[in-house]
Amino acid sequence: MNAKIKAFFTGIIVPLVAVLLWEGAARAGFFSPVVLPAPSAVAIKWWQYLAPALPWDSTQQSWLAWLFSGEMIDDAIGSLYRVVVGFIVGAVLALPLGLLMGASTRIYALCNPLVQVLRPIPPIAYIPLAILWFGLGNPPSVFLIAIGAFFPILMNTIAGVRHVDGIYLRAARNLGVGQWTLFTRIMLPAATPYILAGVRIGIGTAFIVVIVSEMIAVNNGLGFRILEAREFMWSDKIIAGMFTIGLLGLALDTAVSALNNHLLRWHRGLEH
Amino acid sequence: MTQIVVTNVQKVFKTKDRDVVALRDINLDITKGEFVCLLGPSGCGKSTLLNAVAGFSLPTGGVITVDGKAVTEPGPDRGMVFQEYALFPWMTVAQNIAFGMEVQHKPKGEISAKVDQLLEVLKLKDFRDRFPKDLSGGMRQRVAIARVLGMDSPIMLMDEPFGALDALTRRNLQDELLRIWKEFGKTILFVTHSIEESIYLADRIIVMTYRPGTIKRDQRVTIPRPRDPSAPEFNELKRELGLLVMEEQQRHAADELKLAAVD
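Keep in mind it's a predicted model, so treat the numbers as computed, not measured.

### Describing the overall build of chain A
Right, on to step 1. Looking only at helices and strands, chain A has 11 helices and 0 strands in total.
Right, on to step 2. Reading chain A from its N terminus to its C terminus gives the helix and strand order α-α-α-α-α-α-α-α-α-α-α.
Right, on to step 3. Its C-alpha radius of gyration of 23 Å places chain A more than 25% over the 19 Å reference for a compact globule of 272 residues.
Right, on to step 4. With the C-alpha coordinates aligned to their principal axes, the bounding extent of chain A is approximately 75 × 55 × 45 Å.
Right, on to step 5. Looking at chain A as a whole, 33% of its 272 residues qualify as buried.

Okay, structure coming up:
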C-alpha cells in the first residue's frame, strides 16, 4: 500500500509541474488565450461541458436523468455507441471468417488475395464512399468503424488458429473429439490470446475512426464537438473535449484489458 | 487373452532425398492386462510404433488390431499420455479430466462423480480448480493420467511420460502408475529409453534396434514386485539389456556422425 502511494506521488510530479508551468505562462500573457488557454480555464470549461445546462426541475425529469443531461455525457454516449456497434459489426464478421481462413487452407487461398488488397486501405479512405452509400449520421460512422475493427481481428484470428499447438489437436483426437467440438472447445480457446490481441488493436482503431468520422459525417459526438468549438475559436472547449476523448479511450482500453485478463487467466505469459 | 496384435508392420518415412525405414517386420502380441515397455535409443522407432497403435500415424505396411478390430484412427479405447502432458491450458484440472467424458456424452452426474473419484485416486483434490500453468510437471502428468482413466480406455499408451521429471518425482509416479495399473486392470504400452525404468515397471520389455526399427529382444521380467533397483537380479538384467541398448545407441551415434559429415 505504501509503495502504491509512493508510486502515485512519483507519477504525478511531471504532469503537475507541466500544468503549473503552463498556467504560469498563460497568466503571464506569453500567448493569447485563443491559441492556448490556461489549464484553469480549460478545467472550468470542462466542468461546464460536463454539468447539466439547466437547473433541476423535478416536474420535468428525474434527478438521475438531469445529472446526465450535460452536453459532454450526451456526446460521450454518442461516440461510445458508435464505437461499440461498429466494433461488434466488425468483430462478428471478422471472427468466423478468420476461424475459417485459419483452419482451411482452401478458404485461405480463396480469400487471402482480396484481404491483402483491401487491408492496406486506411478506414479513413472509405469516408467519401461511406457518405455516398449511407448519407450522414450514424450509419457511415458505424460502417467506417466496422472496417477499422475488422482487419486487425481477422488477421489475428487467422494467425491464432494457425498457431494452435499440434499436441492439443492430437490429444483431442485421442479423446475422440469430433470436428465441431474440436473447433469450439480446442481451436477457439487455444487461439484466444491472438484473437484478444486483435480485439485490442481493433478497438484502438475503432476509437480513432469514430473521432474522424464524427468530424465529417455526424452532428454530435466528441469528434464533432471539438471541430464545432474550433469554428467559434473556443480553444478551451477544444482542449476540454480532447481531454474527454483521452479519458474515454483510457476507459475503453481498461475495459478491454480487464476482459483480456479474465479470459486469459489460464494463460502462462500474462503480463498485465 | 490377446488384445493388441501387431502383424508385419512396416513404416517408411519418405523424405526429399531418401526413404527412412523406421519400422520393419514388427510382430508383437500383447495380452490384456500386460505392462509392456518399448525400449531403445532415440531413432529406434519405439514412438513410431506407439503412434501407429494410437492411430496417429498409420503403418505403411502390415496390420495392427485391437480386440480384433484394425486400427485406422485415434480413439478413446487407446488413451494416450504424452511426454509433454498435452493438457488443455484453458481448462482447470477438473475440466481437463471431465472433457473426455463430456465428449462421450456421459451423464453429468456420472462425470462429476468420476472426476471426484479420480482426483482422489491421483491425490489431486487440492488442485481441482487450478489451471495447468500453476502445476509442477509431476502434477500435470497425474492430471494427464486421470484424463485417460476417465475415458475408461482399456489400453493406456504412454510416450516417455516421465522423461521430463526429476528422479524422485519420477520414482513416485512410477509407483503410482503400478498401483493404478493393478487397480484398474489396464493394458499398458509404455515407451522409454531408460533401462532401469523399463525393468522397474514392465512385465515384458521389447528392445528395439536402431534404424530400421526391428525387435531385438522380447524380454520377460519375472522379478516379483515391488522391485528393488539395487537387487542383484535387477542389476543383472540391467547389465544385459544395457549391452543390447548400447549396441544400438552406438549405431545411432555413428549414423549421426556420418550424416553430419555429408552435410
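There is more to say after this.
### Focus on the overall build of chain B
Right, on to step 1. Each helix and strand counted, chain B has 7 helices and 10 strands in total.
Right, on to step 2. Each of the 263 residues in chain B was classed as buried or not, and the buried ones make up 43%.
Right, on to step 3. The contacts in chain B between residues at least 6 apart in sequence include a share of 70% that link residues at least 24 apart.

### Considering the confidence of the model for chain B
Right, on to step 1. Per-residue pLDDT for chain B averages 92, and the proportion of residues at 70 or more is 99%.
Right, on to step 2. The ipTM, which scores confidence in the relative placement of chains, is 0.88 for this predicted complex, and the corresponding pTM is 0.82.

### Quick look at the pairing of strand β9 (residues 204–208) of chain B
All names here are of chain B.
Right, on to step 1. The buried fraction of β9 amounts to 4 of the 5 residues, a majority that puts the element mostly inside the structure.
Right, on to step 2. Sheet topology note: the strand β3 (residues 35–39)/β9 ladder contains 4 bridges and is parallel. The residue bridging Leu38 from the neighbouring strand is Ile206, located in β9.
Right, on to step 3. As defined by bridge partners, β9 adjoins strand β10 (residues 215–220) across 5 bridges and the pair is classed as antiparallel. The partner of Met208 across the bridge, within β10, is Ile215.
Right, on to step 4. Hairpin connection between β9 and β10: a loop of 6 residues separates the two successive antiparallel strands.

### What about the interface of chain B and chain A?
Right, on to step 1. Contacts between the two partners involve 20 residues from chain B, matched on the other side by 15 residues from chain A.
Right, on to step 2. Every element with two or more residues in the side of chain B that touches chain A is listed here: β6 (78–81) and α2 (93–103) of chain B.
Right, on to step 3. At 3 residues, α2(B) tops the list of elements feeding residues into the side of chain B that touches chain A.
Right, on to step 4. In terms of residue class, the side of chain B that touches chain A is built from 14 nonpolar, 4 polar and 2 charged.

### Let's talk about the nonpolar core
Right, on to step 1. Ile145(A), Leu39(B), Val53(B), Leu189(B) and Phe190(B) are the most contacted members of the largest nonpolar core, which totals 131 residues.
Right, on to step 2. In terms of residue count, helix α9 (residues 179–217) of chain A provides more of this core than any other element does, 15 residues in total.
Right, on to step 3. Setting aside chain neighbours within four positions, we find Leu39(B) in contact with Thr192(B), His193(B), Ile195(B), Ser198(B), Ile205(B), Ile206(B), Val207(B), Met208(B), Leu241(B) and Val245(B).

### Some points on the packing of α9(A) against helix α10 (residues 222–231) of chain A
Residue and element names in this part refer to chain A.
Right, on to step 1. As a packed pair, α9 and α10 sit with axes 7 Å apart at the nearest point and diverge in direction by 50°. Classified by the interaxial angle, the pair formed by α9 and α10 is oblique. Along this stretch, α9 crosses α10, giving a crossing that reads as right-handed. Between α9, through Val210, Ile211, Val212, Glu214 and Met215, and α10, the contact on the second element is made entirely by Leu222, Gly223, Phe224 and Leu227.
Right, on to step 2. Here the residues of the contact of α9 with α10 sort into 7 nonpolar, 1 polar and 1 charged.

### Brief notes about the sheet that holds strand β8 (residues 187–192) of chain B
All names here are of chain B.
Right, on to step 1. With mixed pairing, 6 strands are arranged side by side in an open sheet as β6-β7-β8-β3-β9-β10. The strands lining the two open edges of the sheet, one partner per strand, are β6 and β10. Adjacent strand axes in the sheet meet at a mean angle of 15° when their direction is disregarded.
Right, on to step 2. Where β6 and strand β7 (residues 155–159) come together, 4 bridges link them in parallel fashion. Residue pairing for β7: Met80 is matched across the bridge by Leu157.

Calculation criteria
- Residues numbered from 1 in each chain as written.
- Chains lettered and ligands numbered in written order.
- Predicted model: local features only at pLDDT ≥ 70, side-chain atom pairs only at ≥ 80, totals over all residues.
- Helix = DSSP H or I, 4+ residues; strand = E, 2+ residues; numbered from the N terminus.
- Rg over C-alpha atoms; globule rule 2.2 N^0.38 Å.
- Buried ≥ 20, exposed ≤ 12 C-beta atoms within 10 Å, placed from the backbone.
- Contact = placed C-beta atoms within 7 Å.
- pLDDT = per-residue confidence, 0-100.
- Pairing = 2+ DSSP bridges.
- Nonpolar A, V, L, I, M, F, W, Y, C, P; charged D, E, K, R; others polar.
- Core = buried A, V, L, I, M, F, W, Y, C linked by C-beta atoms within 7 Å.
- Axes fitted to C-alpha atoms, helices over the stretch in contact; angles between N-to-C directions.
- Parallel < 35°, antiparallel > 145°, perpendicular 65-115°, else oblique.
- Left-handed = near helix turned anticlockwise from the far one by under 90°.

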